[in-house]
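# Structure assessment
Next come the chains, spelled out residue by residue.
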Amino acid sequence: MGRKFNVAVVGATGAVGEAMLSILAERDFPFGDVRAVASSRSAGQTVAFNGRELVVEDLEKFDFSGIRIGLFSPGASVSKIHAPRAVAAGCVVIDNTSCFRYDADVPLVVPEVNPGDIAGFRGRGIVANPNCSTVQLVVALKPIHDAVGIERINVCTYQSVSGTGKEAIAELEQQTVALLNGKPIAPSVYPAQIAFNVLPHIDVFMDNGYTKEEMKLVWETRKILGDDRILVNATTVRVPVFYGHSEAVHIETRQKIHVADARALLKRAPGVVLLDERRDGGYPTAVTQAAGNDPVFVGRLREDISHPRGMDLWIVSDNIRKGAALNSVQIAEILVKDYL
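Residues numbered from 1 in each chain as written. Predicted model: local features only at pLDDT ≥ 70, side-chain atom pairs only at ≥ 80, totals over all residues. Heavy atoms only, no water.

Another aspect to go through is the environment of Arg52. Inspection of the secondary structure puts Arg52 in strand β4 (residues 52-55). As a C-alpha pair, Arg52 and Ser73 span 21 residues in sequence and 21 Å in three-dimensional space. (Helix = DSSP H or I, 4+ residues; strand = E, 2+ residues; numbered from the N terminus.)

The following block contains the structure:
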């Protein structure tokens, strides 16, 4: 028997926390004791894990001593308080919130892209998990950036409601049913109707007119790819899809790359599935391929007719799995294998 590691999943009753638990079991992670932790209002509930039910424990009272790995997805303000508390008790925290991502001494990691950066966890005891829309973007662009360099990325995202959480999933369900039955709706999670609609607004507005979600794509892409010269322009959009984020991506490379060469790179890239046939349905979609699956799917590759070194791609992935829970567990796998 190999070594076992005690794990606490913090935010265990949320969409990401539930996925973390199921992925831990699926991937044969070397866990010992697994604890489900959440806010006091969720304490006492049960969550499914590995064919049994775990009773959810109250985060405020939870003792992290004896826990080696904390998978956190409770919201940034909660992580800010409790992640350092967990680290002080000897736990390594993999944090899925935005709380620590931009701290210079906290590694921001996508295992297919910058696994070596995990070693930096020793500074603060924390590894940050990127924003879901960044994760799929950098997994797909890493092999191209390594080959020819990327000068500029222009990305429009089409993000599912599960990125907001369980309340947003319920809002889309309820609005859809109400509208199909001719009943009125009153948005509460989103500022406008989400069913049968598209909202060009994710997260808070910044002083420069971009939203925080758009700026996350700028900051995180540069940090993960280790290149502050990359120019990133983003528009993030919420769409009435339950699971799976889609991205229309235009890149301008430092050296010219032809589609055939980009295809060859993507076919070999870890975590990527290339689905790029120039026929009806010869491309990935959030619902058909991404939802419930682990890879980042790429299609619609073409050389940009408006720019001599331009290329266009379509990228889809399950935002709850690869965008959050799976990425966190993959980081934990590298930690236990190479560092703990």
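Now, onward.
This next bit is on the pairing of strand β9 (residues 150-159). Side-chain positions along a regular strand alternate between the two faces of the sheet. Bridge analysis of β9 against strand β11 (residues 245-253) gives 8 bridges, and the strand direction is antiparallel. Paired with Asn154 across the two strands is His250, which belongs to β11. (Pairing = 2+ DSSP bridges.)

Here helix α5 (residues 166-180) contains 15 residues, and its C-alpha end-to-end distance of 21 Å stays within 8% of the 21 Å for a straight helix at 1.5 Å per residue. Among the residues of α5, those classed as buried are Ala168, Ile169, Glu171, Leu172, Gln175 and Ala178. A positive backbone phi angle near 70 degrees is found at Gly182, which sits one or two residues after α5. (Expected span 1.5 Å × (residues − 1). Buried < 20%, exposed > 50% of the residue type's maximum accessible area, 1.4 Å probe, protein only.)

For the structure on display, the rule yields 6 aromatic pairs. Geometrically, the ring pair formed by Phe62 and Phe64 is edge-to-face, given 4.9 Å between the ring centres and 80 degrees between the ring planes. The two residues Phe62 and Phe64 agree in class, both being buried. In this structure an aromatic cluster arises from ring pairing among Phe62, Phe64 and Phe72. (Phe/Tyr/Trp six-rings, centres within 6.5 Å; stacked < 30°, edge-to-face > 60°.)

Further remarks concern the sheet that holds β9. With respect to topology, 6 strands assemble into an open sheet ordered β10-β9-β11-β14-β13-β12, the strand pairing being mixed. A single partner strand is all that each edge strand has here, and the edge strands are β10 (231-238) and β12 (272-274). The sheet shows a mean angle of 20 degrees between the axes of neighbouring strands, taken without regard to direction. Note: β11 against strand β14 (residues 310-317), 8 bridges, orientation antiparallel. Note on β14: the bridge partner recorded for His250 is Asp312. In the packing of helix α6 (residues 212-225) onto the sheet, contacts are made with β9 and β10, and the angle to β10 comes to roughly 140 degrees. (Axes fitted to C-alpha atoms, helices over the stretch in contact; angles between N-to-C directions. Contact = heavy atoms within 4.5 Å.)

Our next topic: the sheet that holds strand β1 (residues 5-10). Reading across the sheet, the 6 strands line up as β5-β2-β1-β6-β7-β8 and stay open at both edges, with parallel pairing between neighbours. Edge strands, defined here as strands with exactly one partner in the open sheet, are β5 (57-58) and β8 (126-128). With 5 bridges connecting them, β1 and strand β2 (residues 31-38) associate as parallel partners. The residue of β2 that forms the bridge with Val9 is Ala36.

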